[in-house]
Amino acid sequence: MNGTSFQSDIRYWLRQGNTVNHLLFWNIVVFLGINIIRLIAFLTKQPAPLIWTYDQLAMHVPLSAFILKPWGLLTYMFTHVEIFHVLFNMINLYWFGNLFRDFLGNKRVLPLYLLGGIAGGLLYLLSSVLFPGYVGSTMVGASAAIMCILVAAATLMPNYEIGLMFFGSVRLKWLAIALVVLGLISIPNGNIGGLISHMGGSLLGFLYIRTLQAGTDMCKPLIWLFDANTRRENQQVARKFKPKKSPLKVVKKADDNNSSRLDQLLDKINEKGYQSLSAEEKAWLDKVSKEN
């Protein structure tokens with residue numbers, strides 16, 4: 001495969017409108033960047049650039065160190081150093097991120113990812129105050145953000161079954177409970193701060209679905225913020241693009257109308273989830289799928 005086709009594949013993958021793909025992309029890019037610097041440091045025996053880069057991306061505790069680099073509360077959740085750490089996290093993000101996206105729409109993925117990571121980071125910061133000496137001075141990894149999405153999906157659809165190697169079909173609620181319990185009982189084995197941050201993300205995911213079911217969407221401010229940026233970009237593109245006038249008249253046929261409506265419904269599912277469709281829209285979609 002040549003470089004051009006590889007770049008085309010990446011662009012196509014990112015242009016699908018799937019936020020999970022974008023999160024995977026940036027986590028992998030940061031991981032590769034750090035490890036390229038790590039390799040150079042190993043070959044040149046000059047660790048200073050690696051130390052500086054890690055220091056800028058990681059979240060620091062205690063509070064006195066956090067205040068000096070507060071941006072770490074956001075950057076840490078996109079940063080990995082070890083291969084198995086990023087591999088396990090990206091697999092879970094792909095599975096459960098897309099599952100969450102299918103039911104609650106694309107717009108909520110990034111906001112919940114960020115909120116889960118922030119909740120995990122703040123609990124990690126709090127644990128450094130409550131348990132000094134037990135918590136490491138820095139933390140990286142997307143685990144808290146991904147646990148938030150996983151637990152949110154399990155809270156929304158607890159009886160949804162997924163297939164696991166060696167275990168067969170497992171209900172989502174049991175998988176989420178097992179991961180949370182394993183995290184809790186693993187605290188004495190080390191990485192106390194990291195495991196505590198996982199619990200912060202898990203708690204936020206559970207509370208998010210419960211408050212959403214009660215009529216309050218904690219992601220709404222971030223959804224509005226990101227939508228405002230999207231609208232601004234679309235307006236800039238629209239101003240630059242001036243379509244040429246055509247002497248031809250377009251005659252719409254029944255098939256064109258069906259195709260147009262199908263595209264609209266698929267866009268609606270992509271943005272807001274299947275549950276956002278009305279009963280009439282679901283019936284029409286089911287009828288079209290049977291005809292095809």
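Shown above is the structure to which this text applies.
What counts as what
Residues numbered from 1 in each chain as written. Predicted model: local features only at pLDDT ≥ 70, side-chain atom pairs only at ≥ 80, totals over all residues. Heavy atoms only, no water. Helix = DSSP H or I, 4+ residues; strand = E, 2+ residues; numbered from the N terminus. Buried < 20%, exposed > 50% of the residue type's maximum accessible area, 1.4 Å probe, protein only. Contact = heavy atoms within 4.5 Å. Phe/Tyr/Trp six-rings, centres within 6.5 Å; stacked < 30°, edge-to-face > 60°. Disulfide = S-S within 2.5 Å. Patch = residues over 30% accessible without salt bridge, like charges linked within 9 Å, V, L, I, M, F, W, Y side chains within 5 Å. Areas by Shrake-Rupley, 256 points an atom, 1.4 Å probe, with all protein chains shown as cover. Salt bridge = Lys/Arg side-chain N within 4 Å of Asp/Glu carboxyl O. Core = buried A, V, L, I, M, F, W, Y, C linked by side-chain atoms within 4.5 Å. Axes fitted to C-alpha atoms, helices over the stretch in contact; angles between N-to-C directions. Left-handed = near helix turned anticlockwise from the far one by under 90°. Nonpolar A, V, L, I, M, F, W, Y, C, P; charged D, E, K, R; others polar.

K.L.:
Give a description of the overall build of the chain that names residues and reports values.
P.N.:
Check the secondary structure of the chain and you find 13 helices and four strands. Each of the 292 residues in the chain was classed as buried or not, and the buried ones make up 38%. Relative to all contacts within the chain whose residues are 6 or more apart in sequence, the contacts with residues 24 or more apart total 67%.

K.L.:
Summarise the packing of aromatic side chains; cite the residues concerned and give the values.
P.N.:
The final tally for this structure, using the stated rule, is four aromatic pairs. Here the aromatic rings of tryptophan 95 and phenylalanine 96 are separated by 6.5 Å at their centres, their planes lie at 85°, and the arrangement is edge-to-face. Among the residues examined, tryptophan 95 registers a relative accessible area of 48% and is labelled partly exposed.

K.L.:
Break down unusual backbone geometry for me, citing the residues and quoting the values.
P.N.:
Residue proline 62 follows valine 61 across a cis peptide bond; omega there is 5°. Counting through the fold element by element, proline 62 comes out in the loop between β1 (59-60) and α4 (63-68). One non-glycine residue, lysine 45, lies in the positive phi region at around 60°. Along the chain, lysine 45 falls in the loop between α2 (19-44) and α3 (48-57). What makes lysine 45 exposed here is its relative accessible area of 69%.

K.L.:
Can you explain the state of the cysteines? Please cite residues and give values.
P.N.:
In this structure the tally under the stated criterion is zero disulfides. This cysteine, cysteine 148, is not joined by any disulfide, and cysteine 219 carries the nearest cysteine sulfur, 7.7 Å off. On the accessibility criterion, cysteine 219 (0% relative accessible area) is buried.

K.L.:
An account of a nonpolar patch on the surface is requested, with residue identities and associated values reported.
P.N.:
On the surface, a nonpolar cluster with roughly 670 Å² of combined accessible area is contributed by Ile83, Phe84, Leu87, Ile91, Tyr94 and Trp95. Structurally, the position occupied by tyrosine 94 is in helix α6 (residues 83-104).

K.L.:
Just give me the short version of the nonpolar core, but keep the residues and values in it.
P.N.:
By size, the foremost hydrophobic cluster in this structure holds 49 residues, and its most contacted members are Met59, Leu93, Phe100, Leu112, Tyr113, Leu172 and Tyr208. Taken together, the elements giving at least two residues each to this core come down to α2, α6, α7 (109-130), α8 (143-156), α9 (172-185) and α10 (192-213). In terms of residue count, the dominant contributor to this core is α8 (10 residues). Other than its neighbours up to four places away in sequence, tyrosine 113 contacts Leu23, Asn27, Met77, Phe78, Leu93, Ala142, Ala145, Ile146 and Ile149. Leu265, Ile269, Trp284 and Leu285 belong to the second-largest nonpolar core, a separate cluster that totals five residues.

K.L.:
Account for the packing of α8 against α10, with residues named and values stated.
P.N.:
Look at α8 against α10: their axes get within 7 Å of each other, and the N-to-C directions meet at 35°. Seen along the crossing, α8 lies across α10 with a hand that is right-handed. Residues Ser143, Ala144, Met147, Cys148, Val151, Ala152, Thr155 and Leu156 of α8 pack against Ser197, His198, Gly201, Ser202, Leu204, Gly205, Phe206, Ile209, Arg210 and Gln213 of α10. Considered class by class, the residues forming the contact of α8 with α10 number nine nonpolar, eight polar and one charged.

K.L.:
Could you give me a rundown of the side chain of arginine 108, with the residues and numbers involved?
P.N.:
Inspection of the secondary structure puts arginine 108 in the loop between α6 and α7. In this structure arginine 108 comes out as buried when scored by relative accessible area, which is 18%.

K.L.:
Just give me the short version of the pattern of salt bridges, but keep the residues and values in it.
P.N.:
Taken as a whole, this structure holds five salt bridges when the rule is applied. The partner of lysine 107 in a salt bridge is aspartate 227, and the shortest N-O contact between them spans 3.2 Å. Placement of lysine 107 in the loop between α6 and α7 and of aspartate 227 in helix α11 (residues 220-240) is noted, with a sequence separation of 120 residues between them. A relative accessible area of 31% places lysine 107 in the partly exposed class.

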